[in-house]
Structures are given as structure tokens and as C-alpha cells.
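Here are the chains, one letter per residue:
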Amino acid sequence: MKRWLGVCAMGLMLMGGAQAAGFEARAATPAPELKAQDLAGAQKTLADYRGRVVLLNFWASWCPPCLREMPSMERLRVKMAGRPLAIVALDSAETRDEVNAFLSRMKLGFPILLDPDGSNTKRWKVFALPTTFLLDAEGRVRHVLTGPTEWDEGEALEIIESLLAELPAQAKSRERGHLTPN
């Protein structure tokens, strides 16, 4: 699987360089199941992020376009601190040791999940890396991007802001500190 994804990622690099073809809007389709462990070994699912807009990025440490977009995801995390946005990076088909070796060189503050056997990658029908899904607060896929982008500016930021603007009034009040969470 790693070899096949590598060929696809290389094709993306040759076709579009650092820019992706654009976001594909979806008609609020329910997200596939996601079950993965974080680096500490805790099991995570999409339910852990319910009520927040989710940027779910499928990547690998051997994928140059993936590595180029990671710093912009970290800048987005910092820019959106305190807002109901979850950035989750799911490493596809690598070992915990390979991921940790990469993370020793690039410090990231968002959750990294592991998909060592590629089962989530297959379930989500990811055919090239990076591929990113933007989910609304109800866990529905709203946009998909195959290829890298700068997440903290331009079209990517506009789409994320539009999804955040859709949050219910109660969530917006909680975000501003007017309500206490249940």
C-alpha cells in the first residue's frame, strides 16, 4: 500500500506542484467510521471531535507534499486556538517509530493518529496523499481536497470559516465564553 500511495503522491507532485486542484464540495454526507490510536495508544473515533469542525488529514512522513503542508496546519491550529476546530492528522500505513522519528524533526501541536495497516485509509477511499476531509460539527463530510494546500490562508481558510459560521448559536456562545459546557 505504501508503494501505491507513493506513486499517487508523486503523480500529484508532478501534476500540480505545491498547489492542489481545488476543494470538492460534498452534500453533507455522513463520514465513514474512523478508529485509530493516538501516539499514546488511546483509541480515538470521530465521536471524540463531535461539535467541532474537523480537518482530517491523511498523510505519511515519506510524502513530500504532505510535509510541505504540515507547517500551515500548525499555523492554522495556533490561529484558531479557542475556536471549535479540531485538526487531526492520520498517518497512513507507517509504524509508530516512523511517525515519532518524523515528529522529532517537526513539532506539531495537533493530534496525530496512526493507521499502520491502512484500514482507515481504505475505508475513507483515500487514493493519494495528502487527502484532507473537512467535516462539519455533526460529523458530515462537507469538502475534500486531494493534494496539499496552505491551510491558514486563501480558499482553505475561507471554507473552514464558513463551516465554523454554521455552528449553532449555543456553540458560538460557548466559544466566546458566555456559556459553560455541559
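One can find the structure itself at the top, above this paragraph.
Values in this document were obtained by computation on a predicted structure and should not be read as measured data. Each chain carries its own residue numbering, running from 1 in the direction its sequence is written. A pLDDT threshold of at least 70 governs which residues receive local features in this predicted model, and a stricter bar of 80 or more applies before side-chain atom pairs are shown or counted, although totals over entire chains, interfaces and linings include all residues. In computing side-chain properties, one takes all heavy atoms of the structure into account and sets aside hydrogens as well as water.

Observations regarding the environment of Glu138
Then, number 1: In this text, helices come from DSSP runs of H or I with a minimum length of four residues, and strands from runs of E with a minimum of two, each type numbered from the N-terminal end. Secondary-structure assignment places Glu138 in the loop between strand 7 (131–135) and strand 8 (140–146).
Then, number 2: Given a relative accessible area of 53%, Glu138 falls into the exposed group.
Then, number 3: With 86 residues separating them in the primary sequence, Glu138 and Arg52 have C-alpha atoms 7.8 Å apart. Exposed residues in this analysis have more than 50% of their type's maximum accessible area, buried residues have under 20%, and partly exposed residues fall in between, with area computed by a 1.4 Å probe over protein chains only.

A look at the packing of aromatic side chains
Then, number 1: Two rings belonging to Phe, Tyr or Trp (six-membered ring only in the last case) form a pair when the distance between their centres is within 6.5 Å. Interplanar angles under 30 degrees mark stacking, angles over 60 mark edge-to-face geometry, and anything in between is tilted. Per the counting criterion, the structure on display carries five aromatic pairs.
Then, number 2: With centroids separated by 5.7 Å and ring planes inclined at 80°, the aromatic side chains of Phe23 and Trp151 adopt a geometry described as edge-to-face. With Phe23 in the loop between helix 1 (2–16) and strand 1 (24–30) and Trp151 in the loop between strand 8 and helix 5 (154–165), the pair connects residues that are 128 residues apart, well separated along the chain.
Then, number 3: Note on Trp59 and Phe102: the rings are 5.1 Å apart at their centroids and 50° apart in plane angle, and the pair reads as tilted. Of this pair, Trp59 sits in strand 4 (residues 53–59) while Phe102 sits in helix 3 (residues 96–103); the two residues are 43 residues apart in sequence, bridging distant segments of the chain. Here the two residues Trp59 and Phe102 agree in accessibility, since each one is buried.
Then, number 4: Among the aromatic side chains, those forming a connected cluster through ring pairs are Phe58, Trp124 and Phe133.

So, unusual backbone geometry
Then, number 1: For the bond running from Leu129 to Pro130, omega is -5°, close enough to zero to count as cis.
Then, number 2: One non-glycine residue, Ala93, lies in the positive phi region at around 60°.
Then, number 3: On the secondary structure map, Ala93 appears in the loop between strand 5 (85–92) and helix 3.
Then, number 4: On the accessibility criterion, Ala93 (17% relative accessible area) is buried.

Quick look at the sheet that holds strand 3 (residues 43–45)
Then, number 1: Here a strand pair is declared whenever DSSP counts at least two bridges between the two strands. An order of 1-8-7-4-5-6-2-3 is seen for the eight strands of this open sheet, with the pairing classed as mixed. Single-partner strands in this sheet number two, and they are strand 1 and strand 3. Between one strand axis and the next, the sheet turns by 30° as a mean value, whatever way the strands run.
Then, number 2: In this structure, strand 2 (residues 35–38) lies alongside strand 3, joined through three bridges in antiparallel fashion. Counted as the bridge partner of Gln37 is Gln43 from strand 3.
Then, number 3: We call two residues in contact whenever any of their non-hydrogen atoms come within 4.5 Å of each other. A fitted line through C-alpha atoms serves as each axis, taken over the contacting stretch for helices, and the angle formed by two N-to-C directions is quoted from 0 to 180°. Each of strand 4, strand 5 and strand 7 is contacted by helix 2 (residues 64–79), which is oriented at about 160° to strand 4, the strand it contacts most.
Then, number 4: Each of strand 2, strand 4, strand 5 and strand 6 (112–115) is contacted by helix 3, which is oriented at about 150° to strand 6, the strand it contacts most.

Let's talk about the side chain of Asp38
Then, number 1: Considering the arrangement of structural elements, one finds Asp38 in strand 2.
Then, number 2: Residues counted as positive are Lys and Arg, residues counted as negative are Asp and Glu, and His and the chain ends are not counted. Salt bridges are counted wherever a side-chain nitrogen of Lys or Arg sits within 4 Å of a carboxyl oxygen of Asp or Glu. Within the buried set, Asp38 has no salt-bridge partner at all; the shortest N-O distance to an opposite charge, 4.3 Å, is to Lys44.
Then, number 3: Apart from the residues lying within four places of it in its own chain, the contact partners of Asp38 are Lys44, Arg96, Ile112, Leu113 and Leu114.

Quick notes on the nonpolar core
Then, number 1: We call a set of buried Ala, Val, Leu, Ile, Met, Phe, Trp, Tyr and Cys residues a nonpolar core when their side-chain atoms join them within 4.5 Å. Counting residues in hydrophobic clusters, the biggest one holds 52 residues, and the most contacted among them are Leu56, Leu76, Trp124, Phe133, Trp151 and Ile160.
Then, number 2: Every element with two or more residues in this core is listed here: strand 4, helix 2, strand 5, helix 3, strand 6, strand 7, strand 8 and helix 5.
Then, number 3: With near-sequence residues (within four places) excluded, Phe133 lies in contact with Val54, Leu55, Leu56, Phe58, Trp124, Val126, Val141, His143 and Val144.

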